[in-house]
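Reading the structure
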Amino acid sequence: LPLPSQIYPIHLPRETRTRRALLVCNVEFEHLSRRDGAEADVEGMTKLLEGLGYVVHIHRNLTAQGMATVMKDFAALEEHRTSDSTFLVFMSHGVRAGLCGTKSRDETTDILHLDTVYERFNNKHCRLLLGKPKVVIFQSCRGVHAGSVMVSDSAAPAAPAPSAAHAIPAALENDAIFEVHLESDFATLHSSTPDTISWRNPVTGSLFIQRLVEELRNRACNSDIQEIFRRVQYSFGTFPRQMPAQERTTMLRKFYLFPGH
């Protein structure tokens, strides 16, 4: 078992803890197809998060500006002071740069850039979640390519793998008392890798959300969040069209939803 110092602390008993989660789901769009099955995703995630002790703030069918506004309002909630963590769940059509708002027409109109999410909840703009785990879930396409590729077993030399290093802004905020990282304690799971499609069943919902809910339900009692994410990724091993991706993760410790309290 990891040492206590390697686990995010949960100081408050469950009765006085005020965990909050934000869930944004866009189903109806002015110019894009309706996301049939998305309601099943909302229901599955809401039940799961409520079972984990979060009050879920649900918003549907927002423009990019609308999504930015609800994030700002949610980040300002006083309840975060007596919470130990948060979940931020976004479900929509998407492009490489971000999530489509309800008025989106193409890659550049009405897009919520992913950077906006991290900026709104970083240590500068959301002080009440400073040092607390922020779990971010994105269910959306990130391009139009299928995630699978035909692989040859030829003896030709392999191409070098591209660098996966993600640049995280290194800016530090100057504080009169202490300095903190601008961005820390995020764990992010995307439904697919950049440029690729995510798959959704029009009745039962997204494959990714179904598997995430199942793994969290089965393993939250004894596994930390990144181990659960890895298991979600592993579950797609037999479905080569889509691979969930952990990105922009700045967790400094392990986050257990039930750390024995």
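Every value quoted in this text rests on a predicted model; they were computed, and no experiment measured them.

Considerations on the layout of surface pockets
In this approach, a probe sized like a water molecule rolls over the atoms, and the result shows the empty space that is left. Counted as a void, the second largest pocket has a volume near 220 Å³. In terms of lining, the second largest pocket is formed by 13 residues, of which the most central are Gly 94, Val 95, Cys 100, Gly 143 and Val 144. Of the residues that constitute the lining of the second largest pocket, the class distribution is 6 nonpolar, 4 polar and 3 charged.

Some thoughts on empty space enclosed by the protein
Across all of its chains, the model carries 1 cavity of 30 Å³ or more by this definition. Val 95, Arg 96, Ala 97, Gly 98, Leu 114, Phe 138, Ser 140, Cys 141, Arg 142 and His 190 together form the lining of the largest cavity. Split into classes, the residues belonging to the lining of the largest cavity amount to 5 nonpolar, 3 polar and 2 charged.

Examining the environment of Leu 49
Here Leu 49 shows up in helix α1 (residues 38–51). Residue classification places Leu 49 among the buried residues on the basis of a relative accessible area of 0%. Among residues more than four places away in sequence, those in contact with Leu 49 are Ala 21, Tyr 54, Val 56, Phe 87 and Val 89.

Topic: the pairing of strand β1 (residues 19–25)
Most of β1 is tucked away: 7 of the 7 residues are buried. Here β1 shows no split at all, with Arg 19, Ala 21, Leu 23 and Cys 25 on one side and Arg 20, Leu 22 and Val 24 on the other all buried. Pairing analysis gives 7 bridges linking β1 to strand β2 (residues 54–60), with the strands arranged parallel. The residue of β2 that forms the bridge with Leu 23 is Ile 58.

Points about the sheet that holds strand β4 (residues 94–95)
What the 3 strands build is an open sheet, ordered β4-β5-β6; its pairing is antiparallel. The open sheet has two edge strands with one neighbour each: β4 and β6 (111–113). Examined bridge by bridge, β4 and strand β5 (residues 98–100) share 2 bridges and lie antiparallel to one another. Residue Gly 94 lies in a different strand from β5, and its bridge partner there is Leu 99. The strands touched by helix α2 (residues 64–75) are β5 and β6; relative to β6, the strand with the most contacts, the crossing angle is about 40°.

Remarks on the side chain of His 93
Relative to the helices and strands, His 93 is located in the loop between β3 (86–91) and β4. Leave out the neighbours within four places in its chain, and His 93 touches Phe 29, Leu 32, Ser 33, Arg 35, Leu 99, Cys 100, Ser 140 and Arg 200.

The rules behind each value
- Residues numbered from 1 in each chain as written.
- Predicted model: local features only at pLDDT ≥ 70, side-chain atom pairs only at ≥ 80, totals over all residues.
- Heavy atoms only, no water.
- 1 Å grid on protein atoms, 1.4 Å probe; cavity = no way out; pocket = protein on both sides within 12 Å on 5 of 7 lines; lining within 4 Å.
- Points joined across faces, edges and corners; volume = space filled by probe spheres on them.
- Nonpolar A, V, L, I, M, F, W, Y, C, P; charged D, E, K, R; others polar.
- Helix = DSSP H or I, 4+ residues; strand = E, 2+ residues; numbered from the N terminus.
- Buried < 20%, exposed > 50% of the residue type's maximum accessible area, 1.4 Å probe, protein only.
- Contact = heavy atoms within 4.5 Å.
- Pairing = 2+ DSSP bridges.
- Axes fitted to C-alpha atoms, helices over the stretch in contact; angles between N-to-C directions.

Note that every value here comes from positions in space, so none of it alone points to a role or purpose.
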